Every structure is written in structure tokens, then in C-alpha cells.
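# A look at the structure
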Amino acid sequence: MQVYGRETLSVGEAENFRLRLAPGFAQPVEYVWDFGDGTRAAGNNVVQRYERPGRYIVTAVVRNAVSADTARLAVVIAPTRRSMRSASAPPLFDAGQIVWVTGIHGSRLAAKRDAARYTEAGHRAGIVAAAKTGTTQYYVIVGGYQTEAEALAARRRVLRVEDRPLWLMQLTAARPGGGRVP
């Protein structure tokens, strides 16, 4: 069984997800979909729209009277220009560049270790700090692309390091105090 659908979409963009069953899978069949964002659907050829950027796992379960089978597809939902978050550019990055956010950590040390793996694989990587509700989170960013299309084209290379890009972010001019997410 295989799930068909695009692996990269934008926020609000509709996609038709469908299944191809293995030969000999006995009818009648029940299809149940979980899109990883809290929404579910039934049937084959279902349409889904994601409202938030991120990485989601689309899971399809097919059942008949004899057995069940499960298939999954990872999808990355890129923000539109309107929904794209921004952050101050850290060292080695320029304002206006677009980056993949590949990890969120509670400590700078954990973020540095994570960023080092991307650097070792030949990517430009950095860290952006974000203060939220009394704590600081550290976002690992990878890339430094001029356009969204360039960032999306590099997605497969980024995924080779670890299968987890979360969303795209556009960098702004550096502010005093470093790269903080507004």
C-alpha cells in the first residue's frame, strides 16, 4: 500500500491524498486518515489543507474483514509570505535570507550540538534565541537562501542530515542583543 500526495505544500494549499492498495487486498475496505494536525478523514482520495507551517506525518489505515495495513507520508508545510515567521539574523547569515528551522531546544548547548551536525554535513547552520513565557528556546536554523523556491529545492539535502525540518523563517536585520524571535 502506498500514499500518494505532494510532500511539500504551503499553508492553506489544498492537496488530494490517496492510496494504492496492494494487489489482492479484499473488498470492502474502510479508509481512515490522520493528518498529524488533529484532523481526520475517511475514504480514499481525501483533500487536506494545513493551517500552520511545520512537518506532519500523514497516516492512512486501511481495514477489511481479514486484515489492516498502514502507510505513512511525511509532508512539510511551508509558510506563505504572509504567515512566515521572522527573526534577527545571527552571525554568518544576512537579513532577508530564508532558512529552515530544524530544531527547537531548551538549552544553547543542545542547540549547538544539533547545529554542528548540519555544519558537518556542509550546511550553513546557526542558532536563534526566542524568549517565551519566562523561558528561552533555541531554534536551530539551516540554509541562508535568497528565495522560498531555493529553500524548498534544498529541502532534500537538509532532510538527509535528519528528517525533521519544521518550517521556513525569513531573517531580519540583526538587533542589539542578538537574534531573537519577535
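Note: the structure precedes this text.
The following refers to the structure shown. (Residues numbered from 1 in each chain as written. Predicted model: local features only at pLDDT ≥ 70, side-chain atom pairs only at ≥ 80, totals over all residues. Heavy atoms only, no water.)

### Thoughts on the pairing of strand E8 (residues 68-78)
Bridging between strand E2 (residues 8-10) and E8 involves three bridges; their strand directions are parallel. The partner of Leu9 across the bridge, within E8, is Ile77. The turn linking strand E7 (residues 54-63) back onto E8 is made up of four residues. (Pairing = 2+ DSSP bridges. Helix = DSSP H or I, 4+ residues; strand = E, 2+ residues; numbered from the N terminus.)

### Things to note about the sheet that holds strand E6 (residues 46-49)
Strands in a sheet are paired, the pairing made by backbone hydrogen bonds, and the direction either parallel or antiparallel. Judged by pairing direction, the sheet is antiparallel, and its three strands sit side by side in the order E1-E3-E6 without closing on themselves. If you trace the sheet from one side to the other, it starts and ends with strand E1 (2-4) and E6, each paired once. The average undirected angle you get between the axes of adjacent strands in this sheet is 30°. Taken together, the four bridges between strand E3 (residues 14-20) and E6 define a ladder with antiparallel strand orientation. Across the sheet, residue Asn16 finds its bridge partner in E6, namely Val47. (Axes fitted to C-alpha atoms, helices over the stretch in contact; angles between N-to-C directions.)

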